[in-house]
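Chain and residue survey
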Amino acid sequence: KKKNKKTQKRNGNKKKADVLQTLPPITAGALATATLMYPVDLVRALRMSSAAEKNVGIGTLLSNFKKVHGYKGFVTQGVVPEMMRATYMRVLKFFLFPITHRALFDKNPSAGTTATKAIAAGLASIPEGFTIAPLEVAKIGLQLDKEKRFNNSTTAVMRHVVKTRGWTGLFMGYTGVQYRQTSWTAVYFATLSDFENLTKKVIPNEYKEAQQLTSGFLAGMLGAAFNTPGDVIRSALKKKLLADPNPVMQRFSIGLCVDGVKTFFTLGNEIMQVGGIRALYAGFAVKSVHLGGSGALLAMFIPFFKRIMGVDQE
């Protein structure tokens, strides 16, 4: 019995070690993706936060942004919270997804179905959505900071929010954040292998990176079709709340959570009244490039870094 216990303990430690081996290549792939995709994310944020406004084109938004922050702002304004948020959330989702799938269904994702992968990915995205919410607030605050009140400082935005709204203010728009993360993550992981099989029929096997980029882009773009409405509402809500000259301090309560969900759907209805259902897809072209591009780079970079680091664990 003692021998069996020692063997089980050794096997358990080995499994933990094998799982942790995936963190370095996942982190490297996520960081590379966040770096390359930041300018696209900035354009996406500007377009989506203006969804509740009439006749505001992307050209006008970019021109106004340049007047305030200059060309340098396109690669620096809000870059710190975005790099932290984007890298962290991608590491978390790619690390937790296979662990969650094995815990729920006792098999690796490669042996799972579309449904099992969607369920596991959706559940794995919950910690991600909750923990990135404060960085989302900081990022939007900096990207929309026309008066340069925060001097491109993440902590300055957070201090301002906590001072005027309490710590619960760091979670404003959380419903939209979680909706966005869960929907994209579930669709991406559920369909990636299907798109991989399709691309193999079109792209020769000697062009492995092209297969990965194409399948990742298609899965990411499909995910964007599902999560764009939530992201539009979330961005518009944060912009509206951050611009409110009379913020209210609020303590945490179940009522506050319920009110957050109600506010999310109420604003969604208001956006539709202004511009119809199309308004909920404001900036979808940019969004599809952003999430399609992110999905493509992650599908290529993570296997690449796993290969050069000698990691074969799913």
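The shown structure was predicted, so the numbers you read here are calculated from the model rather than taken from an experiment.

A few words on the nonpolar core. One finds I26, F94, Y188 and F189 to be the most contacted residues of the largest nonpolar core, which totals 23 residues. Contributions of two or more residues to this core are made by α2 (23-49), α5 (79-105), α6 (114-143), α8 (174-202), α9 (208-242) and α11 (284-309). If one sorts the elements of this core by residue count, α5 sits on top with six residues. Once residues within four sequence positions are removed from consideration, F94 is found in contact with I26, Y188, F189, L298 and I302. If you look at the next biggest cluster of nonpolar residues, it comprises eleven residues, including A138, V157, V161 and L242.

A separate point is the packing of aromatic side chains. Aromatic ring pairs are defined here through the distance separating the ring centres and the angle between the ring planes. Applying the stated criterion across every chain, the model contains 14 aromatic pairs. Judged by centre distance (5.2 Å) and plane angle (70°), the rings of F304 and F305 are edge-to-face. Exposure remark for F305: the relative accessible area of 16% places this residue in the buried category. The rings of F94, F97, W184, Y188 and F189 are connected pair by pair, giving a single aromatic cluster.

Inspection of every chain in the model, using the stated rule, returns one cavity of 30 Å³ or more. Its boundaries defined by the atoms lining it, the largest cavity holds a volume of some 150 Å³. Looking at the largest cavity, it is lined by 17 residues, and the ones nearest its centre are M89, R180, Q181, H290 and L291. Only α2, α5, α8, α9 and α11 provide two or more residues apiece to the lining of the largest cavity. If one sorts the elements of the lining of the largest cavity by residue count, α11 sits on top with five residues. Along the lines of polarity and charge, the residues of the lining of the largest cavity split into four nonpolar, five polar and eight charged.

Turning to the side chain of T168, a few remarks are in order. Looking at where T168 falls in the secondary structure, it is placed in the loop between α7 (154-165) and α8. Each residue touching T168, except ones within four places of it in the same chain, is listed here: Q250, R251, F252 and L256.

Criteria and cut-off values
All residue numbers refer to positions counted from 1 along the written sequence of the respective chain. Confidence filtering applies because this is a predicted model: local features only for residues at pLDDT of at least 70, side-chain atom pairs given and counted only at 80 or more, and all residues used for totals across whole chains, interfaces and linings. Side-chain measures were taken over the full set of non-hydrogen atoms in the model, leaving aside hydrogen atoms and water. What makes a nonpolar core is a set of buried Ala, Val, Leu, Ile, Met, Phe, Trp, Tyr and Cys residues whose side-chain atoms join them at distances within 4.5 Å. Classification of residues uses two cut-offs on accessible area relative to the type maximum, computed with a 1.4 Å probe and protein chains only: under 20% is buried, over 50% is exposed, and between them is partly exposed. Secondary structure is summarised from DSSP: a helix means a run of H or I of at least four residues, a strand means a run of E of at least two, and numbering begins at the N terminus for each. We call two residues contacting when some pair of their heavy atoms lies within 4.5 Å. Note on aromatic contacts: the rings of Phe and Tyr and the six-membered ring of Trp form a pair at centre separations within 6.5 Å, being stacked when their planes are under 30 degrees apart, edge-to-face when over 60 apart, and tilted otherwise. Only protein atoms enter the 1 Å grid used here. Points where a 1.4 Å probe fits but cannot escape make up a cavity, open sets with protein on both sides within 12 Å along at least five of seven lines make up a pocket, and a residue lines them when an atom lies within 4 Å of a point. Grid points are joined across faces, edges and corners, and a volume is the space filled by probe spheres set on the points. Each residue gets one of three labels, nonpolar for Ala, Val, Leu, Ile, Met, Phe, Trp, Tyr, Cys and Pro, charged for Asp, Glu, Lys and Arg, and polar for the others, Gly among them.

Honestly, it's all geometry; don't read function into it.
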